[in-house]
Amino acid sequence: MNELMRKILFLPPQASTIASEIDQLHYFVILVTMAGATLVTVVGSYFLFRYRRTAVAADARRRGASHATPLWIELFVVVSLFGMFLAWWVIGFWQFMRVRVPPEGAMEIYVTGKQWMWKFAYPEGANSIATLYVPAGRPVKLVLTSRDVIHSFYVPDFRVKQDAVPGRLTTLWFEVKEPGRHEILCTEYCGAGHSTMRGEVIALSPQDYEGWLRGNLPEPPVAGPAYAPPAVVGEHAPRELVSMVRQGERVAAEQGCLRCHTLDGTAHLGPTWAGMFGSAVQLERGGSVVVDEAYITESMMDPLAKLHAGYQPIMPTYFGRIHPADTAAIVELIKSLRAVPVQPGGRSPWATVTPEGAEAGARAREVEGGPASAAGEIGDAGTGSERP
């Protein structure tokens, strides 16, 4: 039945684990709509025939209503219609949550859209242009952003689509059933070359995917522009894989993030990044928010939108000042620090650290062999000395 309906509606193959569920909702909506349209047509035709001019002239009983419609019929129609729309809402909401929330342990890949290509960065350090390599049988979470205008990442075979917005990170996930190749399209008009913004997903077996990461698998022909590896010095110098975490450390230092944030859990002008990802932070305007990719990106682009309670609004906006790939690298750096313990007093701003908390933090760092300079900073803060 599923395959028959898919062919009747000219739908592409169902290559992901959620494609069949989305199609089934599609079938349900179409079949119910067609059944309703058929019912209205039949009832309308019946009344047209029954109350045609010649029949009404011959039968006086058809000239007006002889009795009122029973109340139970009216209630049945109203409840049925309301129940049908409620059922659609429940099924649609359940599917929306299933599509939006990736499973635990999903592999993350960063996607950057630009006129007119897709770039993919893998946490292991590999990268590709126009061709997305994923392992079959494993959930994959894409973290998308755009470098210029709004794009929309769409894989028809997977039934997933998500906008890539400049200055923000959006996510989607999928799991490919088996190895194969699938087309990527941009479904948001993004300029004169919009129709050429195509790509390809190549799903590999887990063994082949690991081989591709190590560079042992020859790259098949791609649908988009061919990737040109950067030049290296020396004929036999290998290409060095760049870790996104290491790249995030470099970007944080270059952009001045570490002047206010710390990586080891100590207090400073801004919240420490240690143990921050996945935690719930209190906001200055009330309420709380869970620190995820979207919140981190929003805090960089619009720092005053959701200000961390207790901290001063001194952070400048980085909108238009930082490359999307660098934004993703900082997010990856913060995520890598989720297991780093926070030092005593580390959840408080620098100026509010008490001497007792600073002393306890210094002792803890001495035990763990932490940098002496950081201990000095906290000690100064605890005594109310001037900020750098």
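Read on for an overview of the structure. Computed from a predicted structure; not experimentally measured.

1. Considering the sheet that holds strand S5 (residues 140–146)
Strand pairing in a sheet relies on backbone hydrogen bonds, with the paired strands running either antiparallel or parallel.
Inference 1: The strand order S3-S2-S1-S5-S8 describes an open sheet built from five strands, whose pairing is mixed. Two strands in the sheet have a free side with no partner beyond their single neighbour: strand S3 (127–129) and strand S8 (170–174). Strand after strand, the sheet turns through a mean of 25° between neighbouring axes, direction not considered.
Inference 2: For strand S1 (residues 107–114) and S5, the ladder comprises seven bridges, and the chain directions are parallel. Within S5, the position partnered with Thr112 by the bridge is Thr145.

2. Overview of the sheet that holds strand S9 (residues 180–186)
Inference 1: Spatially, the five strands line up as an open sheet ordered S4-S10-S9-S6-S7, and their pairing is mixed. Of all strands in the sheet, those bounded by a partner on one side alone are strand S4 (131–135) and strand S7 (160–164). For this sheet, the mean angle separating the axes of adjacent strands, direction not counted, is 25°.
Inference 2: As judged from the five bridges shared by strand S6 (residues 151–155) and S7, these two strands associate in the antiparallel manner. Across the sheet, residue Phe153 finds its bridge partner in S7, namely Gln162.

3. Points about the pairing of S4
Inference 1: Summarising burial for S4: five of the five residues are buried, a large majority.
Inference 2: Taking every second residue as pointing to the same face, both faces of S4 are buried, with Thr131, Tyr133 and Pro135 on one and Leu132 and Val134 on the other.
Inference 3: As paired strands, S4 and strand S10 (residues 199–204) are joined by five bridges and run parallel to one another. When the bridges of S10 are listed, Thr131 appears paired with Glu200.

4. Thoughts on the pattern of salt bridges
Inference 1: Evaluation of the coordinates by the stated rule reveals 13 salt bridges.
Inference 2: Between Arg6 and Glu3 there is a salt bridge, with its nearest N and O atoms 2.6 Å apart. Placement of both Arg6 and Glu3 in helix H1 (residues 2–8) is noted, with a separation of three residues, approximately one turn of the helix.
Inference 3: For Arg6, a relative accessible area of 12% gives the class buried.
Inference 4: Taking the relative accessible area as the measure of exposure, Glu3 reaches 38% and is therefore partly exposed.
Inference 5: Across the pair Arg198 and Glu183 runs a salt bridge, and its minimum N-O distance is 2.4 Å. Residue Arg198 is located in the loop between S9 and S10, and its partner Glu183 is located in strand S9; the two are separated by 15 residues in the primary sequence.
Inference 6: We classify Arg198 as partly exposed; its relative accessible area is 40%.

How each quantity is defined
- Residues numbered from 1 in each chain as written.
- Predicted model: local features only at pLDDT ≥ 70, side-chain atom pairs only at ≥ 80, totals over all residues.
- Heavy atoms only, no water.
- Pairing = 2+ DSSP bridges.
- Helix = DSSP H or I, 4+ residues; strand = E, 2+ residues; numbered from the N terminus.
- Axes fitted to C-alpha atoms, helices over the stretch in contact; angles between N-to-C directions.
- Buried < 20%, exposed > 50% of the residue type's maximum accessible area, 1.4 Å probe, protein only.
- Salt bridge = Lys/Arg side-chain N within 4 Å of Asp/Glu carboxyl O.

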